[in-house]
Each structure stands twice: as structure tokens, then as C-alpha cells.
Amino acid sequence: MSLDAVLSRIDADLPAATDRLLELLRIPSISTDPAFKADCDAAADWLVADLKTLGVDAAKRVTPGHPMVVGHIDGEGPHLLFYGHYDVQPVDPLDLWDRDPFDPEVQETPKGPVIRARGAADDKGQLMTFVEACRAWKAVNGTLPCKLTFFLEGEEESGSPSLVPFMTENAEELKSDLALICDTGLFESRVPAITTMLRGLLGEEFTITGPTRDLHSGMYGGAAINPIRVLSRIIAALHDETGRITVPGFYDGVPELSDEMRAQWQGLAFDHAAFLGDVGLSHPAGEQDRTPLEMIWSRPTCEVNGIWGGYTGAGFKTVLPSKASAKISFRLVGTQDPLKIRENFREMVRGMLPPDCKVEFHGHGASQAGAFDTTDPAFEQARQALSDEWPDTAAYIGCGGSIPIAGHFANILGTTPMLIGFGKDDDQIHSPNEKYDMESFHKGIRSWARVLAALT
Ligand code: BES
Ligand code: ZN
């Protein structure tokens, strides 16, 4: 095995690897929107075909939702599993994109070249870093350094409804010594990271109905209850003036940060002013007396993701609407129980309803937070490998986002998840003009080659 030869091969193959990624990025695999079902299928087909070129025995596997892609390849040494997701977020608001989100291109920017497209960073570019590392390894050595299972999902961005049943039904097939997940970020652009803490997520949608139909606000205003006003009052009541969330029992299971962890995070010297400054802000808006890093990695949240009702089109309409709706998400930490919080939240909303109003709830995903054991020597080996590739030493970090599958690997399969990714804070994931730095892609591929060498 020659790591240097693999790294050289990666460097030489970068233009071709980029072309392959651009091909995948052209497929609009938006999982949450049924209009893109055939495209999700096409992305799965593309991946099956690509994995087959590596000699992986890969197949598209049907689920009640979008298909999974599962592939196996034999090799000497440990059995590793790789997880990534091929689905992407919706692109709206489309008018804020500088180009068609599914017409990817490599663009020169003052900070270096970037790959611009929906899914470039989340998660197609990231998942291809691993595939390309395997391709280079195979080309140089003829075989891979370990037995590998690929497990690629097409529903991650829409709450992974098929995942738990699929994992449970195929548990034997998906068991491995370690699950590598590439769906997270660097700590900073020079500092690679292994993410060891993720927040959980609870999604709730609700609609308040007042009058049986939309009304003229001159004829009925004042006399008739307005569901938008009711909804606004409920939403405003979800936080108190200090930023604490008021849902009863919400903080059950939220641990205080240990002194050890606090000291470790302080050692990371996170630039809070730049973090907020990059998005045009200057004041932390969450709970008082906590740093932004602490808020993002170790504190729970309640955010309003969308709110609608009444007339929002051009011009003006004096309507008193019949209905008002909102989508709310809670990020969870520690041992907060998503189902208990759902129950308490619904109870609180029902308790605030005035006469004549009714509420309907629709639950979205519900996953607990995850904190992963790093005592397995594989973690230090991987950390060293990452440190060899990047300018600065790799850090163990937390993550404000949620990747429910990481917890499922631990709980359903008994496999330790290891989260390594190369995204940057300014990648604009889930936003217009998403991009993945060419540096993330190139060094990401090289990083995986080094990690594979270190783990096998
Ligand atoms: N890749 C993200 C998770 C992530 C976000 C990692 C930010 C690092 C930084 C993932 O695809 C994602 O967006 N997950 C969703 C959860 C899902 C259940 C909808 C999220 O965190 O909102
Ligand atoms: Zn993702």
C-alpha cells in the first residue's frame, strides 16, 4: 500500500472527479417535493452505476419513499460502512440564486474556486469525496484496504421516514465495525474536525382555524376572531424575555456543559464576532450569558421556520383569514425527549386557544440528540490522519445541525458513528447559491485516503 501514490492519483484525477460531481449535481433530487420523485430515483441510479465502476456490488433498494443505495465490496482488514445522502433541499427562493441551482459550475472567487449548485456541499460533494478516495485507492492498489459497505440515503433532508424500518430490516447486512458519515463541516477553514455531538430535532406544524371561511375585514374585523393574531400570540409566547423556551418541561434532560468541555471549547478560540458578522449580525440573540458556540452546540432551541395565512400576494387585500399556520422546529440536546416535548407543546398551544378556534397538528421528524463515544482508538488515528492533511490539528467539535442516522447507527446497529466532513460555514447550505470549495472537495478526498490508510 502506498499512500503517497494514492494522493498523487487523487491530485491528477481532480478534473475528472469534478466532472463526475457536476454530473450528479445536475440531477434535481429534492426529496421533500413529490414533483422530484423521478429525479431522486435518477440520482440513486447514477450512484449505483458509479459505484459499480469501482467494483462495488451496488443496488438501488426500494422503500416506501425514495430508494436507498447499498453496495458492498470485499477487502482485507476491518469492515467499514460509509453513509452519505444524495437528496437535496428545495431551492426556493429561486430569484435569489445567481444561476440555475441544477446547472453547476466551477467559479473563481476571491477566496478560491468553488463548485456552485444545490447539493454541492450538502451532501453530494461530501459523499463524492469518499467515493473518489476509494476510486483512487482501487486504481493504485487494485483493491481497497478494507471491507466496505456503502449506504446512501435519499430522504435525509425530509426527515428520513424510511430509514429506521430499512435499518431494522437490514440490520445484519448493515452492521460494520465503524460507520463513517460525511455530512458535517470543518471547524474553521484551516482546522479539520471530527464531530462528536449533534443536536436532535423535533418538527411541528400546526394550523389554527377561526371562521369557516375568509371574511371581509371591514365587515367582520373586530367582531370575528383572527387566527393570524392567535397564532402570533402563541408563537410570541414560546420564548420569555430572557430567551428561554417556555414549553413546560422543555429543559428536562438538558445538561449543563461540563467544566472540561467548556475549557476544551474555549481552547478552540472560536471567532464569535466573525461568525455573526459574516451574516450581517453583531449581537447574539439567544439565551443571555451564553456564547454563540455554546448556544449552537450545547443548548436547545425553538425556531419558527415558516408562517403563513391570509393574503401575501402583490397589492393589498382586506381579508380576515379563516386559517393561519406555522412550522416550528426544536433543536434538542442531552436526553431531552422529543415525544414528550411534542406532547407538552401541543398541550400548551391548545391551552392558549380562545373560544371558536381550533387547532390541527402535523408532526414532522423527532430525533434525540447524539453524543458519540470517542474512546475507540480509531478516533485518534483518524484525527491524526486529518491533521496530516490540513494546516492545523484536527479538533473534536459539536454541531448545531442534526443527522438522526448517527444515533440510529449506535442504537439500532450497535455501530459507533464517526462524523468527518469538509463543509465550511459560508457554504450556504439550505440557502440560495450553495457552494462547496474546491479545496474542501480536493482535500476532502485526500483526507479520506489518509483516514482509510490510518484505520486499516
Ligand atoms: N448536513 C446537514 C447537517 C449539518 C448542518 C451538518 C449544519 C453540519 C452543519 C443535514 O443534511 C441537515 O441539514 N439535516 C437537517 C435535519 C433533517 C432531519 C431535516 C437539519 O439539521 O436541519
Ligand atoms: Zn446533509
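Now for a quick tour of the structure. From a predicted model like this one, the values you see are computed outputs, not experimental measurements. (Residues numbered from 1 in each chain as written. Chains lettered and ligands numbered in written order. Predicted model: local features only at pLDDT ≥ 70, side-chain atom pairs only at ≥ 80, totals over all residues. Heavy atoms only, no water.)

## Things to note about the pattern of salt bridges
At step 1: Applying the stated criterion across every chain, the model contains 36 salt bridges.
At step 2: A salt bridge links Asp426 to Lys111, with the shortest nitrogen-to-oxygen separation between them at 3.0 Å. Placement of the pair is Asp426 in the loop between strand E17 (417-420) and strand E18 (435-437) and Lys111 in the loop between strand E4 (105-107) and strand E5 (114-116), with a sequence separation of 315 residues.
At step 3: Among the salt bridges present, the one from Glu380 reaches Arg383, with a minimum N-O distance of 3.0 Å. In this pair, Glu380 and Arg383 are both assigned in helix H12 (residues 377-389), 3 residues apart and thus about one turn of the helix distant.
At step 4: What makes Glu380 partly exposed here is its relative accessible area of 42%.
At step 5: Linked by salt bridges that have partners in common, Lys111, Lys424, Asp426, Asp427, Lys435, Asp437 and Glu439 make up one network. (Salt bridge = Lys/Arg side-chain N within 4 Å of Asp/Glu carboxyl O. Helix = DSSP H or I, 4+ residues; strand = E, 2+ residues; numbered from the N terminus. Buried < 20%, exposed > 50% of the residue type's maximum accessible area, 1.4 Å probe, protein only.)

## Things to note about a negative patch on the surface
At step 1: Taken together, the side chains of Glu188, Asp271, Asp278 and Asp425 present a region of like negative charge at the surface.
At step 2: Mapped onto the secondary structure, Glu188 falls in the loop between strand E7 (178-181) and strand E8 (193-198). (Patch = residues over 30% accessible without salt bridge, like charges linked within 9 Å, V, L, I, M, F, W, Y side chains within 5 Å. Areas by Shrake-Rupley, 256 points an atom, 1.4 Å probe, with all protein chains shown as cover. Lys, Arg positive; Asp, Glu negative; His and termini not counted. Charge placed at Lys NZ, Arg CZ, Asp CG, Glu CD.)

## What about the packing of aromatic side chains?
At step 1: Here the structure, examined in full by the defined rule, presents 21 aromatic pairs.
At step 2: Taking the centre distance of 5.9 Å and the plane angle of 45° together, the rings of Phe187 and Phe270 count as tilted. One end of the pair, Phe187, is in the loop between E7 and E8; the other, Phe270, is in the loop between helix H8 (259-267) and helix H9 (272-277), and 83 residues separate them in sequence.
At step 3: Judged by relative accessible area, Phe270 falls into the buried class, the value being 14%.
At step 4: Where Phe250 meets Phe330, the ring centres are 5.7 Å apart and the plane angle is 45°; that geometry is what we call tilted. Separated by 80 residues along the polypeptide, Phe250 in the loop between helix H7 (227-236) and H8 and Phe330 in strand E13 (residues 323-332) bring together distant segments of the chain.
At step 5: Owing to a relative accessible area of 0%, Phe330 belongs among the buried residues under this scheme.
At step 6: An aromatic cluster of at least three residues, connected via ring pairs, comprises Phe82, Phe130, Phe150, Trp390, Phe422 and Trp448. (Phe/Tyr/Trp six-rings, centres within 6.5 Å; stacked < 30°, edge-to-face > 60°.)

## Topic: the sheet that holds E5
At step 1: Judged by pairing direction, the sheet is antiparallel, and its 3 strands sit side by side in the order E4-E5-E18 without closing on themselves. With partners counted over all chains shown, the strands left at the sheet margins are E4 and E18, one partner each. Taking the axes of each pair of neighbouring strands and ignoring which way they run, one obtains an average angle of 30° across the sheet.
At step 2: Relative to E18, helix H3 (residues 120-141) is tilted by about 40°, and along the sheet it contacts E5 and E18.
At step 3: Sheet strands in contact with helix H14 (residues 438-455) are E4, E5 and E18, and its direction is about 55° off that of E18. (Pairing = 2+ DSSP bridges. Axes fitted to C-alpha atoms, helices over the stretch in contact; angles between N-to-C directions. Contact = heavy atoms within 4.5 Å.)

## A short note on empty space enclosed by the protein
At step 1: Considering all chains together, one arrives at 1 cavity of 30 Å³ or more under this definition.
At step 2: Of the pockets and cavities examined, the largest cavity occupies roughly 30 Å³.
At step 3: Lining the largest cavity, in full, are Pro255, Glu256, Leu257, Arg290, Glu294, Ser298 and Arg299. (1 Å grid on protein atoms, 1.4 Å probe; cavity = no way out; pocket = protein on both sides within 12 Å on 5 of 7 lines; lining within 4 Å. Points joined across faces, edges and corners; volume = space filled by probe spheres on them.)

## Here we look at the sheet that holds strand E11 (residues 301-309)
Strand pairing in a sheet relies on backbone hydrogen bonds, with the paired strands running either antiparallel or parallel.
At step 1: Strand order in the open sheet made by the 4 strands is E11-E13-E9-E14, with antiparallel pairing throughout. Both outer strands of the open sheet, E11 and strand E14 (358-367), are each paired with one neighbouring strand and no more. The sheet shows a mean angle of 15° between the axes of neighbouring strands, direction not considered.
At step 2: Set on the sheet, H7 makes contact with strand E9 (200-209), E11 and E13; between it and E13 the angle comes to about 15°.
At step 3: In the packing of helix H11 (residues 338-351) onto the sheet, contacts are made with E9, E13 and E14, and the angle to E14 comes to roughly 165°.

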